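Coordinate analysis (summary)
What follows is the residue order along each chain.
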Amino acid sequence: MSSITEAEQDKFLRFIEQSEELAQHENHLHQNPYDVSAWIRYMDSVDDLIDSDKQRDPSSKAATSSTLIGQDPDLATLLKLRDWIGRRAVSLLPRSYKLWKHHWEFVLQGNRRQTQERSQMKDSDAQIIFFSDQMVLLCFERCLWTLSAYPRVWLEYFAFIKDHPGCMSVTTGRRTMNRALESLPVIQHGKLWSSILEWIHAPDQQLLEQQSPSQGDDGEETTTTTESTMIAAAATVSPGHEHQWIIPLESRVRLLRRYCQFNPLYKSDFAEFLIRHKRWGEAAVQYQQLLNLTASAAANNNNLESSGSRDAYWQAFSDLCTQHPDEVEEAGVTWEPILRAVLRSERQKKESSSTTATTDGSTSSLLEGMLWTQLADSWIRRGSFEIARSVYEEGLQTVKTVRDFSVLYDAYLEFEEGLLEAATLALEEEQTGEDTEGKGDSAPGGRDDFDILLGETANSTVADMELALARAEHLTSRRALLLNAVVLRQNPCSVSDWLQRADLYLNLDLAGQATNALEEALLSTSKAAHRCVNGRPHQMVLKLAQIYEESLNDLGKAQSLFDRICRKFEYNFMKAEDMAECWAAWVELMLRHEEWDEALSLVRQSIAPGAGPKKLNLTKSVRLWDLLLDLEESLGTVQTTKDAYRRVMEIKAATVQHVLNCASFLTDRQYFEESFAAYEKGIELFAFPHVGAKVLWKWYLTAFTNRYQGTKVERTRELFQRCLDDCPAEDSAEFFLMNGEYEEAYGFAKRSMSVYQAMCRKLPMSEKLLAYKLFIAKTTLYLGAAATRDIFQEAIDVLKDQEAALICLDFARMETTLQELERARAIYTYGAQMADPRRLPEYWKGWNEFEIAHGNEETFREMLRVKRSVEAVFSTINYNASGLNEQLDTLTDEQAMQLIADQEGVEHQPSSSASSHLVQSNITGFVPSTSSVGVNNKRSAKAANLHEIEARVAQLRKVTTSQLPLQENEGSEGAEVAIGENDEEINIDDIDAEIEEAAASGYIPNEDDKATTKEHHINSDDDDDHKKSTTKSNVVQGVETKAIPPAVFGSLQ
């Protein structure tokens, strides 16, 4: 807006005089011209008048438009009046921030409204521009004369400049920003730089909005950001402006470089900016400075950036140096020395912590193989293929991880394949070009030397292709060796990898290289033999000797190697076994070449005192003694062999096999007593419980009995007794059998029986059953079946319940064979307490067959009663055992009986614990099972005397027979007679089924029901009332009312 003339000022004053409100403000300010609040109220009043004037216009937009072009003098006067008042206020109070803020906001609002209206009007309609860009700039400049220390003023100024391209030149704008930075303290520069950066990056942002990134040839996104394209793209960005900011690249770079001094971490964004504008060299410089910055921060423990960010910086830096080596070198960045310094730093870091490092020495995840690949790639882009190849080779000889090797090897192979492909294409082009050349040359015989040279030069393409092909094949063939070298660099003490390296050389027919590799292995692991893994150090020595012998046919070098290892101690073995293997290999080498005396001499030297280092005692090496004894038997004399065996036993280096070999050697040469002395020495060395003692005693006793048989019986018995006294129980069975067989063959049956009896008593519980069966069988064979009764009783007393039941079964069968049926039945009855019907059904099957064959109805019924009683006892035990999974407390006897009664559907009458205890304490005939609750042992053999049981059973049977009820009527007598007459027709199976059915329903017949039961089987038409009354009278009301066979539990005392 132009300056206010005097005529306009007069017009303003008249307008103020006509307005009462404005006149009051004017009078107040005339009296108090420096009242800031009064000036603000004055300007607000004028603003209200402007707003009310626009509201009176029917079309607000049209009124505003006409005001701007000067067709409505009232609104124009108000706008000019408002501007005039604002200028007066800031001229009187130039340091008032409030007045200046009101003033520039009014000017900016008018400029913004004017810009919007101009975009909607035709150019021919615009005549006068009140709020131009220049007026806004002058407003801010006048404000900055006094308020240059206020950052807000500069920010508003910069925002206006950024949004109004062309309002000033780029140079003026850059200088304005420089004035702002010079005016404010450094601590407030961060507020300004955000606006400055927006102005700097405005062209790039406008271009990105108009043009999407294009895909380059190399697969990366590239954007063309030249000034011409920015001008073309900016023409349509902001409507209302004819053009956009066009800032020269150099100006933007300088401003950003200045900002990097204020904020060093912005260098990464600055570098990306330079990369977008193809300033490769300067971008590399920025990345280098950024890496140095992070290095110093890491050294001071100030983590400005994470390790991942540092890796990203290094990756971007290496990519720049690799893809644009010439530009980077021109910028002064020495890429190769930096990279080699990084590799050295990584190598040192890996030695201590096995992690890679960046230029600052901090840990990083960068691949060493990738660094070598980038260095070689930079030389490839320069066209220096030989230098690139040397870099690849150096990298392959340096990397220490398989991952780095894979990256580097793949890049190297791709490079060689690329050269081969290029040579092939060149050859094809040359061959197609030769067809068009002159065909009228002179005859071949007329070619001169110059033509021959030219021809050879033309064939150089073929040579290049063949050379490239040979290089690629050579690289492929070396892959296994190169990979093996990487593994060995990781762990130089890996024996298997050294052996694999030698095999790889041998597969390539490079025996010399294989020997060099093994010599290097021995040299590198000599002082670290204790760290060798994946094998033993002596394996490398043996492999090297094998190569000398087989591949190179040089026996002298093989002997020299063993002499250096075994006599001169060039290799520092940590274990005597390794040195012993080397001596043994040396001896075997001499044997293969038929140097018998030399071999025997060497093996004797190997076990001599001082044959090895002081810390390695070879005199007790089993490997060398085995070899020496074998050679003494084969090449030495009988006396030297005896001396060797005697010496190995004296120094206690012998094994069980040595003792057996010595005895066999002496026996073969008829030195029997000396062989027995060797056995005695071996038994002294390997006494029980040594594992070899059993083998030695077995061979000793076998050899002694075979030699003397029945001639030296007492001496043999003494040997057996010594063996059995020292032998553990678990190993003594075989020796007892040998002793028993010997006594049977050369001694007395009584002594053999005593041997078997001792065997039964000494063997562990798991073998006692078989021992007793063998003892019984031998006793039956030599003394008869009657002599086995005491053995049976002893076995029943010693064995466990289940095994004792089986012995009872055999005992009863033995008595049956002797026709002692009552004794057999008593034994069956006694063994029933230990035979669970569910686990030993064969016991009850045997008793059932016995009763069918030799019993009657009464004995059969008694067997069934015993079976039910035993089932009840074992079911009580099982109930208590099953309850353990459901409750912590074990069921008492009363609880168990109640549980059984509930399941069987009968009423249980609880009895006092005292009476139960009395009953249990008075039972003398019952021997409880070891698995029953509260009872751990069976009755002693004395209390379980079978004769006593037989007498008691006979007495109880008489009492039972005398108490049978007499029949009172004739029908009953007739029925009894009928029963007597038809005893042969009684079906035992029917009786068994009836009893089982009655037991399942809770009814158990007793002695009083025998006659009724017999009558029921004879006469099935008896009256039902009598049957019901009989059944009712005999229904058991509780478990305790079940009849217990006296023959099982014995009589109550």
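Up top is the structure.
Here is a short report on the structure shown in this document. (Residues numbered from 1 in each chain as written. Predicted model: local features only at pLDDT ≥ 70, side-chain atom pairs only at ≥ 80, totals over all residues. Heavy atoms only, no water.)

**Things to note about a negative patch on the surface**
As a reminder of what qualifies: Patch criteria: residues need more than 30% relative accessible area and no salt bridge. Like-charged residues are merged within 9 Å; nonpolar side chains of Val, Leu, Ile, Met, Phe, Trp and Tyr are merged within 5 Å. Here the accessible surface of atoms and residues is derived via Shrake-Rupley with a 1.4 Å probe, and residues count as covered only by protein chains that are part of the display. Salt bridges, as used here, are contacts in which a Lys or Arg side-chain nitrogen is within 4 Å of a carboxyl oxygen on Asp or Glu. Positive charges are assigned to Lys and Arg, negative charges to Asp and Glu, while His and the chain termini are left out of the count. In plain terms, the charge of a residue is placed at NZ if it is Lys, CZ if Arg, CG if Asp and CD if Glu. Working definition: helices are DSSP H or I runs of at least four residues, strands are E runs of at least two. Numbering for both runs from the N terminus. We call a residue buried when its accessible area falls under 20% of the maximum for its residue type, exposed when it is over 50%, and partly exposed in between, using a 1.4 Å probe and counting protein chains only.
Side chains of Glu 20, Glu 21, Asp 44, Asp 48 and Asp 51 sit close together on the surface and give a patch of like negative charge. Those elements that provide at least two residues to the negative patch are helix H2 (20-31) and helix H3 (36-56). Of all the elements, H3 adds the most residues to the negative patch, at three residues. With respect to the secondary-structure elements, Glu 21 resides in helix H2. Overall, the relative accessible area of 41% leaves Glu 21 in the partly exposed class.

**Some remarks on the packing of helix H30 (residues 622-635) against helix H31 (residues 638-650)**
Note the following rule: Here, axes are lines fitted to C-alpha atoms. For helices the fit covers the stretch in contact, and angles between N-to-C directions go from 0 to 180 degrees. An angle below 35 degrees is treated as roughly parallel, one above 145 as roughly antiparallel, one from 65 to 115 as roughly perpendicular, and anything else as oblique. Each crossing is labelled by how the near helix is turned from the far one, with a counterclockwise turn of less than a right angle marking it left-handed and a clockwise turn marking it right-handed. In what follows, a contact means two residues having at least one pair of non-hydrogen atoms within 4.5 Å.
At their nearest, the axes of H30 and H31 sit 9 Å apart, and the two run at 160° to each other. Considering the angle they form, H30 stands roughly antiparallel to H31. Our pair here, H30 against H31, has a crossing hand that is left-handed. Of the residues in H31, those touching H30 at Trp 625, Leu 629, Glu 632 and Glu 633 are Thr 640, Thr 641, Ala 644, Tyr 645, Arg 647 and Val 648.

**Some words on the pattern of salt bridges**
Evaluated as defined, the whole model comprises 45 salt bridges. Linking Glu 198 and Lys 162 is a salt bridge whose minimum nitrogen-to-oxygen distance equals 4.0 Å. Note that Glu 198 is positioned in helix H10 (residues 189-210) and Lys 162 in helix H8 (residues 151-163), a separation of 36 residues in sequence. Residue Lys 162 is classed as partly exposed on the basis of its relative accessible area of 27%. Two residues, Glu 393 and Arg 478, come together in a salt bridge whose shortest N-O distance is 2.8 Å. Of the two residues, Glu 393 sits in helix H19 (residues 385-396) while Arg 478 sits in the loop between helix H22 (460-477) and helix H23 (479-490), which places them 85 residues apart along the sequence. Residue class for Glu 393 comes out partly exposed when judged on its relative accessible area of 23%. Bridged by salt links that share partners, the residues Glu 250, Arg 254, Arg 257, Arg 279 and Glu 282 form one connected network.

**Some details on helix H40 (residues 801-817)**
The condition that has to hold: A helix is expected to reach a length of 1.5 Å times the quantity of its residues less one.
Taking 1.5 Å per residue as the helical rise, H40 with its 17 residues ought to reach 24 Å, and the 24 Å between its terminal C-alpha atoms agrees with that figure. By the criterion of burial, H40 is predominantly enclosed, with 12 of the 17 residues buried. Inspection of H40 places Asp 801, Glu 803, Ala 804, Ala 805, Ile 807, Cys 808, Leu 809, Phe 811, Ala 812, Met 814, Glu 815 and Thr 816 among the buried residues, and these make up the whole buried set. Within two residues after H40, Gln 819 carries a phi angle of roughly 65°, on the positive side.

**Re the nonpolar core**
Under the convention used in this document: Residues belong to one nonpolar core when they are buried, are Ala, Val, Leu, Ile, Met, Phe, Trp, Tyr or Cys, and are joined through side-chain atoms within 4.5 Å.
Core analysis: the largest hydrophobic core is formed by 133 residues, its most contacted members being Trp 697, Phe 735, Tyr 843 and Trp 847. Among the elements that line this core, the one with the most residues is helix H28 (residues 576-592), at 11 residues. By size, the runner-up hydrophobic cluster in this structure holds 104 residues, among which are Ile 16, Ile 40, Cys 139 and Tyr 157.

**Here's the deal with the environment of Asp 311**
Mapped onto the fold, Asp 311 is located in helix H15 (residues 307-323). A C-alpha to C-alpha distance of 9.5 Å links Asp 311 and Leu 291, two positions 20 residues apart in sequence.

**Brief notes about the packing of aromatic side chains**
Filter applied, for reference: Each aromatic pair joins two rings of Phe, Tyr and Trp (for Trp, the six-membered one) with centres within 6.5 Å, and gets the label stacked for planes under 30 degrees apart, edge-to-face for over 60, and tilted for any other angle.
Inspection of the entire model under this criterion finds 34 aromatic pairs. Ring centres of Phe 562 and Trp 586 lie 6.2 Å apart, and the angle between their planes is 15°; on these two criteria the pair is classed as stacked. Pair noted here: Phe 562 is in helix H27 (residues 555-566) and Trp 586 is in helix H28, with a separation of 24 residues, a long-range link. There is no split in this pair, since Phe 562 and Trp 586 are both buried. For the ring pair Tyr 742 and Tyr 746, a centre distance of 5.1 Å and an interplane angle of 50° mean the geometry is tilted. A residue pair is termed a helical-turn pair when its members lie 3 or 4 positions apart in one helix, as Tyr 742 and Tyr 746 do in helix H36 (residues 733-746) at four residues. Owing to a relative accessible area of 38%, Tyr 746 belongs among the partly exposed residues under this scheme. Following the ring pairs from residue to residue traces out a cluster consisting of Tyr 97, Trp 104, Phe 140, Tyr 150, Trp 154, Tyr 157 and Phe 158.

Structural measurements only, silent on function.
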